[in-house]
Amino acid sequence: LGLGLLFAWHYRHDRRPHLRYWAASFLALSVFLACSGAAILLARSGQPALSLRTLFSLLSQLAAYVHVATLVLGTLALRAGVEPPPYLARGVIAAAFVLGIAATLAFAFDPAAAMSRIYVRVGLRNLVAAAAYLGVAFALLHGQSWQQAPTGQRIVAFALLCMGVCALGNFAVATLPVPLERTVSGPWLNLFEFAAVAAIGAGLLVWMQGDDRARAEGAAHEVERLTFFDPRTGLPNRRLFVDRLVE
């Protein structure tokens, strides 16, 4: 939630389309975490599968796939420098809703298919999320060397890479042929993922500060150029001559 609000705050001051998509992405992630937590609590309390628990499961699946969809759209906007075409954005969001509804309804009416529901709802979701995280991390650094990328951009890319690894780990845990309570890696993966989300927030701050500094330096250089050089020919003007003469 905090990371989504941070992206939204930066979008208010810097109207870049990828910030809007990433704000929506991590706000959707917070909705997913809240709804999935509620569904787990209801399941442990003995609620039947087709009850309020199904509603929270549906909301969590929709939010999870919307998180991935808007993360991808934001990355496309960042790479292209412009907002994705409306038809593409609508198509990606619609595909996220279809996947979320299909994952929720699959095996929902079969009480004996608990493990199949876990494979579809947890395993598939983590596999799709892993592909998105790893793809976004690659896209952030594509076309430039690691040393040339700004520090904040490198932090964000590395954190997304870690989140992709965590999602692959959660996919493996969900599809292991052993009961979930016997696996010990799940809590550690969640802790590692939390640290990666915090690193994304820190990297974003460093990245935006670097962009602001670069823009300020560029504006100062442009003011100096317009002051001492002719804007049409680029030749030194009289003011530069007088300034150098005084020196």
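Look above for the structure.
How each quantity is defined
- Residues numbered from 1 in each chain as written.
- Predicted model: local features only at pLDDT ≥ 70, side-chain atom pairs only at ≥ 80, totals over all residues.
- Heavy atoms only, no water.
- Helix = DSSP H or I, 4+ residues; strand = E, 2+ residues; numbered from the N terminus.
- Buried < 20%, exposed > 50% of the residue type's maximum accessible area, 1.4 Å probe, protein only.
- Contact = heavy atoms within 4.5 Å.
- Areas by Shrake-Rupley, 256 points an atom, 1.4 Å probe, with all protein chains shown as cover.
- Polar contact = N/O pair within 3.5 Å; in protein donor to acceptor, adjacent residues only side chain to side chain.
- Patch = residues over 30% accessible without salt bridge, like charges linked within 9 Å, V, L, I, M, F, W, Y side chains within 5 Å.
- Salt bridge = Lys/Arg side-chain N within 4 Å of Asp/Glu carboxyl O.
- Axes fitted to C-alpha atoms, helices over the stretch in contact; angles between N-to-C directions.
- Parallel < 35°, antiparallel > 145°, perpendicular 65-115°, else oblique.
- Left-handed = near helix turned anticlockwise from the far one by under 90°.
- Nonpolar A, V, L, I, M, F, W, Y, C, P; charged D, E, K, R; others polar.
- Core = buried A, V, L, I, M, F, W, Y, C linked by side-chain atoms within 4.5 Å.

Right, let's get into the overall build of the protein. A tally of regular secondary structure across the protein gives eight helices and zero strands. Counting all 247 residues of the protein, 38% fall into the buried class. Considering only residue pairs separated by 6 or more positions, the protein has 64% of its internal contacts joining residues 24 or more positions apart. Here the protein has roughly 14,100 Å² of accessible surface; of this, 69% comes from carbon and sulfur atoms.

With respect to the helices and strands, the residue Ile 40 is situated in helix H2 (residues 17-44). The partly exposed category is assigned to Ile 40, whose relative accessible area is 44%. For the pair Ile 40 and Phe 56, spaced 16 residues apart in the sequence, the C-alpha separation amounts to 9.2 Å.

Below, the discussion takes up the side chain of Ser 36. Along the chain, the position of Ser 36 falls in helix H2. In this structure the side chain of Ser 36 is engaged in a polar contact, spanning 2.8 Å, whose partner is the backbone oxygen of Phe 32.

To continue, consider a nonpolar patch on the surface. Among the surface-exposed residues, Val 72, Leu 76, Tyr 87 and Leu 88 lie close enough to one another that they form a single nonpolar patch of about 360 Å² accessible area. The topology assignment puts Leu 76 in helix H3 (residues 52-80).

Another aspect to go through is the packing of H3 against helix H4 (residues 86-105). Put simply, H3 and H4 touch, their axes get as near as 8 Å, and they point 150 degrees apart. With respect to their mutual orientation, H3 and H4 come out roughly antiparallel. The hand of the H3/H4 crossing is right-handed. Residues Thr 54, Ser 57, Leu 58, Gln 61, Leu 62, Tyr 65, Val 66, Ala 69, Thr 70, Leu 73 and Leu 76 of H3 form the contact with H4, whose participating residues are Leu 88, Ala 89, Val 92, Ile 93, Ala 96, Phe 97, Leu 99, Gly 100, Ile 101, Ala 103 and Thr 104. Residue composition of the contact of H3 with H4, grouped by class: 16 nonpolar, six polar and no charged.

Relative to the elements of secondary structure, Arg 117 occurs in helix H5 (residues 114-141). Relative accessible area serves as the criterion here: at 10%, Arg 117 is assigned to the buried category. Separated by twelve residues in the primary sequence, Arg 117 and Leu 105 place their C-alpha atoms 8.9 Å from one another. Ignoring anything within four residues of it in the chain, the contact list for Arg 117 reads Arg 53, Ala 106, Phe 107, Ala 108, Asp 110, Pro 111 and Val 122.

With that settled, consider the nonpolar core. Formed by 35 residues in total, the largest nonpolar core has its most connected members in Phe 7, Trp 22, Phe 26, Tyr 133, Leu 140, Leu 160 and Ile 200. By residue number, the principal contributor to this core is H5, which donates eight residues. If sequence neighbours within four positions are ignored, Tyr 133 has contacts with His 67, Leu 71, Leu 160, Met 163, Gly 164 and Ala 167. Formed by seven residues, the second largest nonpolar core is a distinct cluster that contains Tyr 65, Val 66, Ala 69 and Val 120.

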